[in-house]
Every structure is written in C-alpha cells, then in structure tokens.
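What the coordinates show
Read off the chains here:
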Amino acid sequence: MRTKMMRVMVVLALVLMIERANAAEFEKAGSAIASALGTPKAFQKKFKNDKGQDVTVFYAKGSSGSPSKLAFLEKGLYNPGECTHTWVIGLNATTQAVEDVRVVEMSCTHAHPTKAASYISQYKGKGPADVKKLKDKIKTIAKATGSSDLMTEAVQRSIENAIQVRGKL
C-alpha cells in the first residue's frame, strides 16, 4: 500500500512539473503587439516611469505622424515562480483608454478562463479615471481570482504608463 501511494505521489508530481514547464502560448508577442496597434509597423521607446521601472512602449503613428495607439507587454507571476502570465495591453494614445487586451501566454491551466473575450471585454474603454477603482469594477473569475487580479494590475500599470509617456513620443 505504501509503495502504491508513493508511486501515485511521484506521478502526480511529474504531471504538475510538466504542466508548469509547458506554458500555453496563445499568441506570439510580436503578433499581439501588431494586432493591438492595428499595424505591423510599430515603433518603440524605452523610458523610466514614476516608480523608477524601465518600461518599453510600442506605438503606431497616425496620418499626422503622432502616436495613435500604444501597446505595453505586461507580465505577471502568480504563486511565486509557478504560474507566469503575459499580456499585451493596447491603448488609445490620445485618451489612454484600453482598446485591446491580448493574452500571450499562461503557464497554469487554472488561469485560462481569463482569456475569454467576455472577461477581457470588461477592460475595454477603461482609462485614467478608472485606474484607482479598476479592481472594484472588474468581476473576477472564480478559481482564477489570482490571475484575474494580475490582469487587472497589468491593465492599471499600462494606463499609468500611458499617462506618463503622453507627449514624449
């Protein structure tokens, strides 16, 4: 009985390790950025935000030559070291409102419900006026609460960074 239980534990451990090692990639980052910007012709600029963090903003230029759309590649980590998340957050360059959230990868299957269009649509149109209370405005998904919160934080960071880069591109 003890040997059988030990085998079950080893198999379970291996399955969990394989799940973590195989992050599900839903879209290539470059493709997600191009889709969020509405063009494959993207420009990028690196800057330090108000928190002293290095940030890269990708942007598309409108017909006037000024930025029309922005995109930020955001990462999140749930259950430290175990579940990675990557998104591209697309925003309107003028209003800093969210136009698109694209899921690039998630390493844990419990997070996958947060990639549903019905969940992601809650973020669209959210902008600077919504940043502080964004978490209260978004309905999280049961059993994916941590991943829901990570996505909300990624959107908040993107809006804050979009505000800080306005007029500097």
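Below: a short report on this structure. Everything quoted here is computed from the prediction, not taken from an experiment. (Residues numbered from 1 in each chain as written. Predicted model: local features only at pLDDT ≥ 70, side-chain atom pairs only at ≥ 80, totals over all residues. Heavy atoms only, no water.)

Observations regarding the nonpolar core
Among the nonpolar cores identified, the biggest contains 30 residues, and Leu70, Phe72, Trp87, Val101, Tyr123, Met151 and Val155 are the most heavily contacted of them. Those elements that place two or more of their residues in this core are β3 (54–61), β4 (67–78), β5 (83–92), β6 (98–106), α3 (117–120) and α5 (145–165). Top contributing element to this core by residue count: α5, with 7 residues. Discounting residues that sit within four places of it in the chain, Leu70 has contacts with Leu37, Val57, Phe58, Tyr59, Ile89, Gly90, Leu91, Ala93, Ala162, Val165 and Leu169. Ile33, Ala60, Val88 and Val104 belong to the second largest nonpolar core, which has 9 residues in total. (Core = buried A, V, L, I, M, F, W, Y, C linked by side-chain atoms within 4.5 Å. Buried < 20%, exposed > 50% of the residue type's maximum accessible area, 1.4 Å probe, protein only. Helix = DSSP H or I, 4+ residues; strand = E, 2+ residues; numbered from the N terminus. Contact = heavy atoms within 4.5 Å.)

Some remarks on the state of the cysteines
This structure, assessed with the given rule, holds 1 disulfide. Residue pairing for Cys83: its cysteine sulfur links by disulfide to Cys108, the two sulfurs lying 2.0 Å apart. Here the disulfide of Cys83 and Cys108 is left-handed, its torsion about the S-S bond being about -85°. With Cys83 in strand β5 and Cys108 in the loop between β6 and α3, this residue pair connects regions lying 25 residues apart in the sequence. Each member of the pair, Cys83 as well as Cys108, is classed as buried. (Disulfide = S-S within 2.5 Å.)

Some remarks on the side chain of Ser158
Along the chain, Ser158 falls in helix α5. Once you skip the residues sitting within four places of it in the chain, Ser158 turns out to touch Phe72, Glu74, Ile89 and Leu91.

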